[in-house]
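In case you want the letters, here they are:
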Amino acid sequence: MNSYLKEIADFSGGQKQITFNIARHTFDTTVTLLNGIPIESLSKMLGHTNIQTTTLR
């Protein structure tokens, strides 16, 4: 997965290293929370059994 993300970053001319963790965090914040998805739903989507794990991000 990280090698594909690196290819995308190289193709787009991005200077920042992109990893799966960064992509996942971006999904968490920009796609879900900033669009009004409740943190409880996000926690379930991420497979967290404890909501505290989700709020540590």
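Given the structure is predicted, the values throughout are model-derived calculations rather than measurements. (Residues numbered from 1 in each chain as written. Predicted model: local features only at pLDDT ≥ 70, side-chain atom pairs only at ≥ 80, totals over all residues. Heavy atoms only, no water.)

Undergrad: I would appreciate a short explanation of the pattern of salt bridges in the present structure.
TA: In total, this model carries 1 salt bridge according to the counting rule given. Linking aspartate 10 and lysine 6 is a salt bridge whose minimum nitrogen-to-oxygen distance equals 3.1 Å. Of this pair, aspartate 10 and lysine 6 both sit in helix H1 (residues 2–12), 4 residues apart, which is roughly one turn of that helix. (Salt bridge = Lys/Arg side-chain N within 4 Å of Asp/Glu carboxyl O. Helix = DSSP H or I, 4+ residues; strand = E, 2+ residues; numbered from the N terminus.)

Undergrad: Looking at this model, I keep getting lost on the side chain of histidine 48. Mind explaining?
TA: You can see histidine 48 is positioned in the loop between helix H3 (39–45) and helix H4 (51–55). For histidine 48, a relative accessible area of 17% translates into the label buried. At 3.4 Å, the side chain of histidine 48 and the side chain of arginine 24 are in polar contact. (Buried < 20%, exposed > 50% of the residue type's maximum accessible area, 1.4 Å probe, protein only. Polar contact = N/O pair within 3.5 Å; in protein donor to acceptor, adjacent residues only side chain to side chain.)

Undergrad: Hey, could you run me through the confidence of the model for the chain in this one?
TA: Caution applies to low-pLDDT regions: their predicted coordinates should not be interpreted in detail. Confidence along the chain averages 86 in pLDDT terms, with 98% of residues attaining 70 or more. The secondary-structure element of the chain with the lowest mean pLDDT is H1, recorded at 85, while H3 shows the highest, at 91. (pLDDT = per-residue confidence, 0-100.)

Undergrad: Just to check I follow, could you spell out the environment of glycine 47 for this structure?
TA: Residue position: glycine 47 is located in the loop between H3 and H4. Classification of glycine 47 by relative accessible area gives exposed; the value is 55%. Sequence separation between glycine 47 and isoleucine 22 is 25 residues; the distance between their C-alpha atoms is 17 Å.

Undergrad: I keep staring at the environment of phenylalanine 11 and nothing clicks. Help me out?
TA: Structurally, the position occupied by phenylalanine 11 is in helix H1. The class of phenylalanine 11 is exposed, set by a relative accessible area of 79%. Taking the C-alpha atoms as reference, phenylalanine 11 lies 29 Å from methionine 45; in sequence the two are 34 residues apart.

Undergrad: Sorry if this is basic, but what is going on with the side chain of threonine 54 here?
TA: Its location among the elements puts threonine 54 in helix H4. On the accessibility criterion, threonine 54 (4% relative accessible area) is buried. For threonine 54, the side chain forms a polar contact with the side chain of serine 43, separated by 2.9 Å. Those residues in contact with threonine 54 that lie beyond four places of it in its chain are Ile39, Leu42, Ser43, Leu46 and His48. (Contact = heavy atoms within 4.5 Å.)

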